[in-house]
Amino acid sequence: MDRTWKLSEVSAHNTQESCWIVLHGKVYDITSFVSKHPGGRSILLQNAGQDASAAFDSVHPIEILEEHLTPDQSLGKIDIKDAGTEQSTHVLQSAQETPSPSPLLPLTSMLSLAEIESYAMQRLSPKAISYYVSATDDEITKAANGQIYRSILLRPRVFVDCTECSLETSILGNKVGMPICVSPAAMARLAHPAGEAGIARACSKLRALQIISKNASMSPPAIVSAGPDAVFAWQLYVLKDTAATERTLAQIRKIPQIKFIVLTLDAPFPGKREADERFKMAEVAGGAAPQLWGTESALTWRKTLDWLCRHTSLPIVLKGVQTHEDAYAATLFPSVKGIILSNHGGRALDTAPPPIQVLLEIRKFCPQVLDTIDVLVDGGIKRGTDVVKALALGAKGVGIGRAALYGLSVGGEEGVERVLKILADETMTAMRLLGVKSISELGARHINTTALTSRLFDGPSGLEEIERDLRSKL
């Protein structure tokens, strides 16, 4: 029988050396986890010895406890007389202080993603802004992700019947209503209480794909149940605690709505996101940021994919491919059905190439990749013309991350829907003006990329070396 604790007993364990916490009526000893917490030890110590349910729920699903804590860390339950009393006030108070927003226009009056972003900046908390907006070092890659599209010109054709136009397509064999998906974006509840479920409901209305973040603020079952007509994938980070990752994969196997696994590879170490770090420094009261990055840094092609195939039968998509060599390497592994060209939104290595440049280099060095696996582009999409340019270069779809969170912040579910509809409408307009009726008709003849030729990698392809190194291990 579980022991029952008084809150006064729990409150005595409020230091890094002995740190207990109450979550939803249960008492946990998290002492060994304090130094490993991805969000830093400070917030845990601020809530130590208290009922931290409200603070926890603002950024985490309850199921995450099963991943990070062992059964012996559950000490019992809190006395029912104390349950819900004296809730911790440390719900990241500075995170709750939002700027004084100007009155919102009706969502239908917001005409661009840039306009929605400007309203989001007035409504998001300082913590949310520092987390969502920040990028690495001088943020050169973040800016380049979007700027590069301006150097690609469209080639409209005339005397083409463009009355009918459809955005329907398929991604990894899953039919979707549009080639625009919501990329994995963590902690959506920082933007709006509807969180990832609000994103799912918006995707469901438009039959779009949502890739659920590994660090979502809601559980995968709660998210997929909110979007019956959406298509879902799930993002995987392999943690240093491999057993914890395996427990999570076991949970994902029970969710039939999840159609493929997106293994994220572009952040084995954290980038230096100065805005985010500055906020955390100001927030620190009882300790510094954790010493260890929680993501496993020793992943390799054969070892990791063999391990993952033992724990899932779902198709695997590799997210974070940033060179044509790695795109080609992905095609050598039958379990890999797709790749996402991404530099983590400019949040990993600054001055890494924009995804659309990587796509151009794939076309230059190994175009067969586009016929072998599905290639998606994630990063820098601001207009429907950007979508069309990526598709014309061979991408099966594009992803948006920050834009979905900005839409969520200004209008919840309806805000995300507005973001997707703006992009969808702009994409259809561009297709019609190009003389295109369907996604499959888009091709290289519709674009001019000459201005980017000098930016492409001009060294050897390196494909022979990849063949030699990887095929010998298969």
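Along each chain, residue indices are assigned from 1 in the same order as the chain's sequence is written. Totals for whole chains, interfaces and linings use every residue, but because this is a predicted model, local features are given only for residues with pLDDT of at least 70 and side-chain atom pairs only at 80 or more, for both listing and counting. Calculation of side-chain values draws on the structure's entire complement of heavy atoms; hydrogens and water are dropped beforehand.

**What about empty space enclosed by the protein?**
Right, so step 1: Grid points spaced at 1 Å and placed over the protein atoms alone form the basis of the search, with a cavity being a set where a 1.4 Å probe fits but cannot get out and a pocket an open set showing protein on both sides within 12 Å along at least five of seven lines. Lining residues have an atom within 4 Å of a point. Grid points are joined across faces, edges and corners, and a volume is the space filled by probe spheres set on the points. Enumeration over the complete set of coordinates arrives at one cavity of 30 Å³ or more.
Right, so step 2: There is about 40 Å³ of room inside the largest cavity.
Right, so step 3: Considering the residues around the largest cavity, the lining is formed by Val-182, Ser-183, Pro-184, Ala-185, Glu-196, Ile-199, Gln-210, Ile-211, Ile-212 and Ser-213.
Right, so step 4: With three residues, strand β9 (residues 209–212) is the largest single contributor of residues to the lining of the largest cavity.
Right, so step 5: By the convention adopted, Pro, Cys, Tyr, Trp, Phe, Met, Ile, Leu, Val and Ala count as nonpolar, Lys, Arg, Asp and Glu as charged, and the other residues, Gly among them, as polar. Residue composition of the lining of the largest cavity, by class: six nonpolar, three polar and one charged. Put simply, DSSP marks the helices as runs of H or I at least four residues long and the strands as runs of E at least two long, and each gets a number from the N terminus on.

**Quick word on the nonpolar core**
In globular proteins that are soluble, nonpolar side chains generally tend to be buried together.
Right, so step 1: Membership of the largest hydrophobic core comes to 110 residues, with the highest contact counts inside it found for Tyr-132, Leu-318, Ile-339, Leu-341, Val-369 and Leu-420.
Right, so step 2: Excluding residues that lie within four positions of it along the chain, Leu-341 makes contacts with Val-321, Pro-355, Val-358, Leu-359, Ile-362, Val-375, Leu-376, Val-377 and Asp-378. Residues enter a nonpolar core if they are buried and are Ala, Val, Leu, Ile, Met, Phe, Trp, Tyr or Cys, with the set joined through side-chain atoms within 4.5 Å. Burial status follows relative accessibility: with a 1.4 Å probe on protein chains alone, a residue under 20% of its type maximum counts as buried, one over 50% as exposed, and anything between as partly exposed. Only heavy atoms matter for contacts: two residues are in contact if any of them lie within 4.5 Å across the pair.

**Remarks on the side chain of His-446**
Right, so step 1: For His-446, the position within the fold is in the loop between α18 (402–434) and β16 (447–448).
Right, so step 2: Of the residues examined, His-446 reaches a relative accessible area of 3% and is grouped as buried.
Right, so step 3: Contact partners of His-446, with chain neighbours within four places excluded, come to Leu-153, Leu-154, Arg-155, Leu-434, Val-436 and Glu-441.

**Examining helix α8 (residues 140–147)**
Along an α-helix, residues three or four positions apart point the same way, because every turn accommodates 3.6 residues.
Right, so step 1: Restricting attention to buried positions, one finds in α8 the residues Thr-141, Ala-144 and Asn-145. Considered in projection along α8, the buried side chains sweep an arc of 110° and stay on one side of the axis.
Right, so step 2: Tucked into the core, α8 has its buried residues touching α15 (355–365). Arc definition: it is the arc formed by the directions from the helix axis to the C-beta atoms.

**Digging into the sheet that holds strand β1 (residues 3–5)**
By way of backbone hydrogen bonds, the strands of a sheet pair with one another, either parallel or antiparallel.
Right, so step 1: Here, a strand pair is defined by DSSP locating no fewer than two bridges between the strands. Taken in spatial order, the four strands line up as β1-β4-β3-β2 in an open sheet, and their pairing is mixed. Because the sheet does not close on itself, it has two edges, and the strands there are β1 and β2 (20–23). Averaged over all pairs of adjacent strands, the angle between their axes in this sheet comes to 40°, without regard to strand direction.
Right, so step 2: For β1 and strand β4 (residues 74–78), the ladder comprises three bridges, and the chain directions are parallel. To get an axis, fit a line to the C-alpha atoms, keeping to the stretch in contact for a helix; angles then go from 0 to 180 degrees between the N-to-C directions.

**A few points about the pattern of salt bridges**
Right, so step 1: One speaks of a salt bridge when a side-chain nitrogen belonging to Lys or Arg is within 4 Å of a carboxyl oxygen belonging to Asp or Glu. Scanning the model with the defined rule gives nine salt bridges in all.
Right, so step 2: Ionic pairing is found between Asp-79 and Lys-6, a salt bridge with its closest N-O pair at 3.1 Å. A residue pair is termed long-range when its members are at least 10 positions apart, and Asp-79 in the loop between β4 and α5 (93–96) and Lys-6 in the loop between β1 and α1 (7–10) qualify at 73 residues.
Right, so step 3: Salt bridges sharing common partners tie together Arg-201, Lys-205, Glu-413 and Glu-417.

**Overview of the packing of aromatic side chains**
Right, so step 1: In summary, the pairing rule links any two rings of Phe, Tyr or Trp, Trp by its six-membered ring, whose centres are within 6.5 Å, and it sorts them by plane angle into stacked for under 30 degrees, edge-to-face for over 60 and tilted for everything else. Counted under the stated rule, the structure contains four aromatic pairs.
Right, so step 2: Its end group placed over the ring of Trp-5, Arg-3 keeps NZ or CZ at 3.7 Å from the ring centre.
Right, so step 3: By definition here, charges over rings are those cases where NZ of Lys or CZ of Arg is within 6 Å of the ring centre and within 35 degrees of the ring normal. Of note, Arg-347 hangs over the ring of Tyr-131, and the distance from its end group to the ring centre comes to 5.0 Å.

**Quick word on the side chain of Glu-413**
Right, so step 1: Position of Glu-413 among the secondary structure elements: in helix α18.
Right, so step 2: We classify Glu-413 as buried; its relative accessible area is 14%.

**Here we look at the pairing of β2**
Right, so step 1: Along β2, one buried face is formed by Trp-20 and Val-22 and the opposite face, lined by Ile-21 and Leu-23, is buried too.
Right, so step 2: Relative to strand β3 (residues 26–29), β2 is paired through four bridges, and the arrangement is antiparallel. Bridge pairing in β3 places Ile-21 opposite Tyr-28.
Right, so step 3: Taking the residues between adjacent antiparallel strands as the criterion, β2 and β3 are bridged by two residues, where His-24 takes a positive phi near 50°.

**Focus on the packing of helix α9 (residues 195–206) against α18**
Right, so step 1: Between α9 and α18, the shortest axis-to-axis distance is 9 Å and the interhelical angle comes to 30°. The orientation of α9 relative to α18 falls into the category roughly parallel. Viewed along their axes, α9 and α18 form a crossing whose handedness is right-handed. Contact residues: α9 offers Gly-195, Gly-198, Ile-199, Arg-201, Ala-202, Cys-203, Lys-205 and Leu-206, while α18 offers Leu-408, Glu-413, Val-416, Glu-417, Leu-420 and Lys-421.
Right, so step 2: Per-class residue counts for the contact of α9 with α18 are seven nonpolar, two polar and five charged. Our angle categories are set so that under 35 degrees counts as roughly parallel, over 145 as roughly antiparallel, 65 to 115 as roughly perpendicular, and the remainder as oblique. In a left-handed crossing the near helix is turned counterclockwise from the far helix by less than a right angle, and in a right-handed crossing that turn is clockwise.

**So, the layout of surface pockets**
Right, so step 1: Of the voids in this model, the second largest pocket is the one considered here, and its volume is about 380 Å³.
Right, so step 2: Forming the boundary of the second largest pocket are 19 residues, of which Leu-265, Leu-299, Thr-300, Trp-301 and Asp-326 lie nearest the centre.
Right, so step 3: Going through the elements one at a time, β11 (258–264), α13 (301–309) and β12 (316–321) are the ones with two or more residues in the lining of the second largest pocket.
Right, so step 4: Tallied by class, residues from the lining of the second largest pocket come to nine nonpolar, eight polar and two charged.

**Structural notes on the environment of Cys-366**
Right, so step 1: Within the secondary structure, Cys-366 sits in the loop between α15 and α16 (369–372).
Right, so step 2: Spatially, the C-alpha atoms of Cys-366 and His-324 are 7.1 Å apart, while their sequence positions differ by 42 residues.
Right, so step 3: Aside from chain neighbours lying at most four places away, what touches Cys-366 is His-324, Tyr-328, Glu-361 and Leu-463.

**Examining the pairing of strand β14 (residues 374–378)**
Right, so step 1: Of all the five residues making up β14, five are buried; the element is thus mostly covered by neighbouring parts of the structure.
Right, so step 2: Residue alternation in β14 divides its side chains into two sets, Asp-374, Leu-376 and Asp-378 and Val-375 and Val-377, and both sets are buried.
Right, so step 3: Relative to strand β15 (residues 397–400), β14 runs parallel, the two sharing three bridges. Among the inter-strand pairings, Leu-376 is bridged to a residue of β15, identified as Gly-397.
Right, so step 4: For the segment spanning β14, helix α17 (residues 384–392) and β15, crossover handedness is right-handed. Here the term right-handed applies to a crossover when the path leading from its first strand over the helix to its second strand runs clockwise, the strands being oriented away from the viewer.

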